Amino acid sequence: MSGRVWKFGDDVNTDVLAPGIYIKLPIDELASHCLEAVEPNFASSVAEGDIVVGGKNFGMGSSREQAAQVLKELGVAAVIAPSFGGIFYRNAFNLGLPAIVSDDIGKIDDKHELKIDLKTGGIQNMTTGTELTGEAIPDNLLALVEAGGLVPYLEIKLNKK
Amino acid sequence: MGQTTAEKIIANAAGQESVQVGDIVTCAVDLAMIHDSGGPRRVKPAMEKLGVGVWDPDKIVLISDHFVPCTDAESANILKLTREWAAEQNIANFYDQQGICHVVTPERGHLRPGMFAVGGDSHSPTGGAFGSYMFGIGATDMLGVLVTGETWIKVPDIIRIIWSGRFGAGVAAKDMALKMSATLGMDGGGYQAVQYSGETIENLEMMERMTLCNMAAELGAQAGLIEPDETTAAYVTAAGGDPGNWQAFRSDADAEYKVTHEFDAGDLAPQVAAPHSPANAADVGDVEPAEIDQFYIGACTGAKLNDLKMAASILKGNSVATGKRLTVAPASSRILTQATKDGVIEILLEAGASLLPPGCGACAGYGVGVLAEDEVCLASTARNFQGRMGASTSKIYLASPYTVAASAVAGHITDPREVIN
Ligand code: SF4
């Protein structure tokens, strides 16, 4: 997959991704407030297939799955960060949003174009022409991404029984 | 090689003799706790799509705490849906508006040493105080558990944090938790398991242990555990639970830890975390003065019986500073009952506090008591992320109930030891 980068700093938390005060709203309305505390233009300008690149501990904080779901709703194709909040990491895969661990984010800037190989974790920066490394996604999680998330995955599994 | 409490529980749940750090294993879940926010309203549509019900209603605890009491038609609908789902799925362990999930679940005897448990909430590591391996998961993850009764886990590294010495008057477990966040950072736990050990921990009562394990979330840990001991067993028994063979779940003497951090409680000062991260904690004397509008004693972290008692010990005979407000949301109905019997509530009210019903209240910005634009709050809660308790421009400082109470009297951030001594 390939896409354009939105770059954020360290410790982007779940309350900033999916603010509690809007949590009762339908997902599309909640998504319109995604990251507004740090980047007011993000929700209105992000496009289908864009890639979010964050600093360490991306998605730390609450278990609210909407933090990953709003990114998916806005069309974000993948998130790359050196480390993730653990619950966010699980949630992202459960929703079919790949989260890639990479220590190479220093070589990515806002609006760069990236190409990602989910199987190997390899990342190509098309803008600078450099190869970056990311961690390969474990098999059990890759299966979720391939199915489109845990629900479609369970649908297949439960129907087979 | 020996195993730690965490590894023993995971191995047991995976049906194996032992586990190795880094293994991805599938575990049978002993208990799944869900609440009104991340629970029924989020899992119901997908369960209907899959055409299946819950795997075992008796292993599920459902609690309404986030949107209580409802403040508008939307939150009322969420609670209605929660109740209907409980009836539909035959959930006997449904506690409707009885308090916060992390407090109500153990209070009603649902947690015991050796359990492998998940909660649909990030402060689920609180269960580690009872010698359970308990961690937070999101709604779709929970859906998987509810319909299959199992989930996967990557066996974590075990980070040991040893506390020695005894802390002084006006200092509490909350200060230990903030100190650890400041020292190790919000990702110090690296989504691994933290084990709190040492004489300070052994001497802590259960509610203080809960505060520590609760804020393992603020270390970025998956779980925060205290090895079960006589104190744990006594609490579980009194709550109507069965502590079982808790001795079997203590860490072996030759168990290995990825890293060991050491702290001294003896020289620990009250801590205050400045906005917008618990890791911004510093000794109360080193925090820049700030105007505070609302003082808040609430949350699973900071409104248990002992927390209310801490506040009352300071507020007795004092009153909240003119022009300021102190809001108190007890963590559960049982706690409110006991605090009323003990005269604690009377002290708080006489000092000028306003009382909210048991529940999450303003802590996550979902319930009652939220902040207006640019308001500043000093809270006994766990988290001070930007905008968490209301308007996105509001700010939150975190401290112990002692510090919140002493500051409410002074009208600004104050060292509670000045009031006590
Ligand atoms: S009181 Fe706050 S931290 Fe505790 S469960 Fe409720 S919202 Fe979460």
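## Comments concerning the interface of chain B and chain A
Alright, step 1. Between chain B and chain A, the contact holds 44 residues from the first and 33 residues from the second.
Alright, step 2. With both sides pooled, the region where chain B packs onto chain A buries about 3,300 Å², and carbon together with sulfur makes up 56% of that total.
Alright, step 3. Two residues, Lys56 of chain A and Asp187 of chain B, come together in a salt bridge whose shortest N-O distance is 3.9 Å.
Alright, step 4. Where chain B meets chain A, there are 16 residue pairs in polar contact (both at pLDDT 80 or more).
Alright, step 5. Where the side of chain B that touches chain A is concerned, the elements lending two or more residues are helix 2 (40–50), helix 3 (73–88), strand 6 (133–136), helix 5 (139–148) and strand 7 (150–154) of chain B.
Alright, step 6. Examining the composition of the side of chain B that touches chain A, we find that 7 residues originate from one element, helix 5 of chain B, more than from any other.
Alright, step 7. When the residues that make up the side of chain B that touches chain A are grouped by side-chain class, the tally is 19 nonpolar, 14 polar and 11 charged.

## A short note on the domain arrangement of chain B
All names here are of chain B.
Alright, step 1. Partitioning chain B into domains gives domain 1 (5–245 + 256–264) and domain 2 (272–420).
Alright, step 2. Between the C-alpha centres of domain 1 and domain 2 there is a distance of 24 Å.
Alright, step 3. Contact residues are listed per partner, giving 39 residues for domain 1 and 39 residues for domain 2.
Alright, step 4. Buried surface at the junction of domain 1 and domain 2, both sides included, amounts to about 3,100 Å², of which 65% is carbon and sulfur.

## Some details on the nonpolar core
Alright, step 1. With 105 residues, the main nonpolar core has Phe42, Phe58 and Leu71 of chain A together with Phe116 and Tyr133 of chain B as its most contacted residues.
Alright, step 2. Of all the elements, helix 1 (residues 5–14) of chain B adds the most residues to this core, at 6 residues.
Alright, step 3. Residues contacting Leu71 of chain A, with those up to four places away along its chain left out, are Leu17, Cys34, Phe42, Val52, Phe58, Val76, Val79, Phe88 and Leu97 of chain A.
Alright, step 4. Grouped together as the second largest cluster of nonpolar side chains are 96 residues, Phe263, Tyr296, Leu315 and Leu356 of chain B included.

## Describing the packing of aromatic side chains
Alright, step 1. Counted under the stated rule, the structure contains 13 aromatic pairs over all chains.
Alright, step 2. Judged by centre distance (5.3 Å) and plane angle (55°), the rings of Phe130 of chain B and Tyr235 of chain B are tilted. Residue Phe130 of chain B is located in the loop between strand 5 (116–119) and strand 6, and its partner Tyr235 of chain B is located in helix 9 (residues 230–238); the two are separated by 105 residues in the primary sequence.
Alright, step 3. Site record: aromatic cluster; members linked through ring pairs are Phe58, Phe84, Phe88, Tyr89 and Phe93 of chain A.
Alright, step 4. Across the ring face of Trp6 of chain A, the terminal group of Lys111 of chain A is positioned such that the distance to the ring centre comes to 3.8 Å.
Alright, step 5. Sitting above the plane of the Tyr257 of chain B ring, Arg160 of chain B keeps its charged end 4.1 Å from the centroid.

## Side note on the site of the ligand
All names here are of chain B.
Alright, step 1. Around the ligand sit His66, Ile100, His102, Asp121, His123, Ala299, Cys300, Cys360, Cys363, Ala364 and Arg388, and that is every residue in its neighbourhood.
Alright, step 2. Residues belonging to the shell around the ligand are distributed by class as follows: 6 nonpolar, 3 polar and 2 charged.
Alright, step 3. Of the domains in this structure, domain 1 (5–245 + 256–264) and domain 2 (272–420) are the two that each give at least three residues to the shell around the ligand.

Scoring rules and cut-offs
- Residues numbered from 1 in each chain as written.
- Chains lettered and ligands numbered in written order.
- Predicted model: local features only at pLDDT ≥ 70, side-chain atom pairs only at ≥ 80, totals over all residues.
- Heavy atoms only, no water.
- Contact = heavy atoms within 4.5 Å.
- Buried area = accessible area lost by both parts, 1.4 Å probe.
- Salt bridge = Lys/Arg side-chain N within 4 Å of Asp/Glu carboxyl O.
- Polar contact = N/O pair within 3.5 Å; in protein donor to acceptor, adjacent residues only side chain to side chain.
- Helix = DSSP H or I, 4+ residues; strand = E, 2+ residues; numbered from the N terminus.
- Nonpolar A, V, L, I, M, F, W, Y, C, P; charged D, E, K, R; others polar.
- Domains from an automatic or database assignment.
- Core = buried A, V, L, I, M, F, W, Y, C linked by side-chain atoms within 4.5 Å.
- Buried < 20%, exposed > 50% of the residue type's maximum accessible area, 1.4 Å probe, protein only.
- Phe/Tyr/Trp six-rings, centres within 6.5 Å; stacked < 30°, edge-to-face > 60°.
- Lys NZ or Arg CZ within 6 Å of the ring centre and 35° of its normal.
- Near = heavy atom within 4 Å.

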